[in-house]
Structure formats: C-alpha cells, structure tokens
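Structural characterization, general
One-letter residues, chain by chain:
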Amino acid sequence: MMIRIFIISVLSILLGSCANNKIANKGFQVSEINKDENGHKIVGLSIDSLQLETRPRNVLLTSNPAHRLTPIYKVNYDKTSKKPFVGSNQFHTNWNNESADGNNWNNNFMPGFEAMYGYNFVNISHYNNVLKQENKFFESPVLIKTLYYPAFSKDTLNFEPIDRQYYMVSVYDEDSNNDGFINVQDLRRFYFFDIHGKNKRALIPKNYSVMSSEYDSANDYMYIFAKVDKNENGQMELEEPTDIFWIDLKNPDKTGIQYQTD
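Everything in this summary refers to the structure shown in the same document. (Residues numbered from 1 in each chain as written. Predicted model: local features only at pLDDT ≥ 70, side-chain atom pairs only at ≥ 80, totals over all residues. Heavy atoms only, no water.)

Considering the overall build of the protein
- Looking only at helices and strands, the protein has zero helices and 24 strands in total.
- If you take every contact in the protein between residues at least 6 apart in sequence, the share linking residues at least 24 apart comes to 58%.
- Of the roughly 13,400 Å² of accessible surface on the protein, a fraction of 50% belongs to carbon and sulfur atoms. (Helix = DSSP H or I, 4+ residues; strand = E, 2+ residues; numbered from the N terminus. Contact = heavy atoms within 4.5 Å. Areas by Shrake-Rupley, 256 points an atom, 1.4 Å probe, with all protein chains shown as cover.)

A closer look at the pairing of strand S17 (residues 166-172)
- Where burial is concerned, most of S17 is hidden: seven out of the seven residues are buried.
- With burial as the criterion, each face of S17 is covered, one bearing Tyr-166, Met-168, Ser-170 and Tyr-172 and the other bearing Tyr-167, Val-169 and Val-171.
- Judged from the five bridges that link them, strand S14 (residues 143-150) and S17 form a sheet pairing that is antiparallel. Residue pairing in the sheet places Ile-144 in a bridge with Val-171 of S17.
- Across six bridges, S17 lies against strand S19 (residues 189-194) in antiparallel orientation. In the strand pairing of S19, Ser-170 is matched with Phe-190. (Buried < 20%, exposed > 50% of the residue type's maximum accessible area, 1.4 Å probe, protein only. Pairing = 2+ DSSP bridges.)

What to know about the pairing of strand S12 (residues 121-128)
- Burial of S12 is extensive: seven of the eight residues sit out of reach of the surface.
- Sheet topology places S12 next to strand S13 (residues 133-136); four bridges connect them, and they run antiparallel. Its bridge partner being in S13, Asn-128 is matched across the sheet by Gln-133.
- Between the antiparallel neighbours S12 and S13 lie four residues, among them Lys-132 with a positive phi of about 60°.

With respect to the pattern of salt bridges
- Scanning all chains against the criterion turns up six salt bridges.
- A salt bridge links Lys-136 to Glu-134, with the nearest nitrogen and oxygen atoms 2.9 Å apart.
- Judged by its relative accessible area of 40%, Lys-136 falls in the partly exposed class.
- Assessed through its relative accessible area of 40%, Glu-134 is described here as partly exposed.
- For Lys-250, the salt bridge is made with Asp-248, and the minimal N-O distance between the two is 3.0 Å. (Salt bridge = Lys/Arg side-chain N within 4 Å of Asp/Glu carboxyl O.)

Details of a nonpolar patch on the surface
- A cluster of nonpolar residues, Val-59, Leu-61 and Phe-152, forms a patch on the protein surface that exposes about 280 Å² of accessible area.
- When you line up the elements, Leu-61 lands in strand S6 (residues 60-61).
- Under the relative-accessibility criterion, Leu-61 is labelled partly exposed at 38%. (Patch = residues over 30% accessible without salt bridge, like charges linked within 9 Å, V, L, I, M, F, W, Y side chains within 5 Å.)

A look at the packing of aromatic side chains
- Applying the stated rule across the entire model yields 15 aromatic pairs.
- Each ring, one from Tyr-166 and one from Phe-192, has its centre 5.6 Å from the other, and the planes form 35°; the classification is tilted. With Tyr-166 in strand S17 and Phe-192 in strand S19, this residue pair connects regions lying 26 residues apart in the sequence. A single burial state applies to Tyr-166 and to Phe-192, both of which are buried.
- Measuring from centroid to centroid gives 5.2 Å for Tyr-221 and Trp-246, while their planes differ by 10°, and the two rings are stacked. Taken as a pair, Tyr-221 in strand S22 (residues 221-228) and Trp-246 in strand S23 (residues 242-248) lie far apart in primary sequence, 25 residues in all.
- Ring pairing ties together the aromatic residues Phe-109, Phe-113, Tyr-148, Tyr-166, Phe-190 and Phe-192, which thus form one cluster.
- Sitting above the plane of the Tyr-191 ring, Lys-200 keeps its charged end 4.7 Å from the centroid.
- One residue, Arg-201, lies across the ring of Phe-192, its end atom 4.7 Å from the ring centre. (Phe/Tyr/Trp six-rings, centres within 6.5 Å; stacked < 30°, edge-to-face > 60°. Lys NZ or Arg CZ within 6 Å of the ring centre and 35° of its normal.)

Written out as structure tokens, the structure reads:
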C-alpha cells in the first residue's frame, strides 16, 4: 500500500523568521542576557519561565469522554498597537485518505489522530472528567510544534476501527543551543504521553532534532526523519546526518531505527 507523506516541519526554519514584522519570532527568553565590555553576549542565570504570561484557548475533545485537553498559549503583544493577542488552534489535515476501501480518516492527519499546532503554543492542560483533576503535560512552558491526540471522530484503517489511547508531542523544550531562548533554533524533541498526559517518554533520542515524518498505512507505522547533533552545538544544521526512526502506532513502546547514516 502506498506510503503517505506528511511534513512535520521544513528545514527553512533554519534560514528565516516570520515574514510579518508585526509578529515576533516564536519562542521566549529563559535566561538573563548581558554583554561584556567588548559587546559580546553573556547568557547568565535562568529566568523563572513560569512567570510567562499565558492564556487557555479552548477544549479539545478526545475519543475518550473522560479525557479533555486545553491548549495553553503565550500572550503576545502587537508591535504597533501594543494590544495583547494569543495564537489560535490550527490543524494538519489529509484530504486523500479515502482512496482505498476500508479507510475513513475523516480528513485527520493520520487515522485516529488529530494534529494541532498554533503560534507560541506553550503547554497542554489535561482534565480527567471522572476524577475531576487537572494536570499539565510539561512542568514549565515549552514551544510546542505539533500535538497529536486521539481523534473524536470514528476513524477506520483497513476496515478496522482505530482508537488511540495516548498522545505524542513534537516540541522545543530546552535552550539546547544556550542562546538564552527556547525557540525554533533549538533541537526539536518528540515525546509520548499516556492517556492521562503523564509518563513522558522520548520517542527519538534527545541528541537528535526532528525534521519530518511519513505515515505507512499498511503497517500503521510512523517514520520520523531526524538530524543527529553531530557537533553537539544544540541546533540542527543542514550538513548533519539524517537518520530515520520508526514508531509502531499500534504499540508505541515498539520503536527502532529504519536507516542510519554511516
């Protein structure tokens, strides 16, 4: 069966910033930044990023009515008007998923998963409707690229119903290049969370930066393309090796490497 290709990100994040000069680049400061007597930047003590001004957006419905999610966004200020604003939820979709019998993904990114993103998306709140308890995915703000969560729709793959019971998050969660900011210049990680938004586990080794993905509908696998931080400078560079990892979406405890650069 044909492998469907989806892009998580584009390498152009290395080359430029937002075209709209009224909107600041994605990310936020996490360390004090000063200059020495020669004008060179000095990255100093960590700033308490919990002081970051944030707002919730709305409630995301998962396939399990006991579990609801709320995206949390950084409050931004328009450079001209100085008025506050937050990002909005946007979704990756796939409009070509019903070409084969037995497949109905309801235009979701992958069967059983919604894929959500937004400008300065910095955390996820999980609420258990049974226990009436709330918890955050991350202890402090991060920069989330994409949240994959169990779709509310009734999806099928090869005539079988698909019901995911976990989350995956593509995220910049560390000032890996030590420039005082968490932003798209850092290494992008990929994590698993259980249905309660807990038990975070890396799906890709932390010395890699995620680039893109492909979906294999015959095996229900997700292939992750990632660059290894060969020179250990904490950022992705075009000349660094690209490796391919696989994740069995039926059981994400099963992962491996599909291709490794010699």
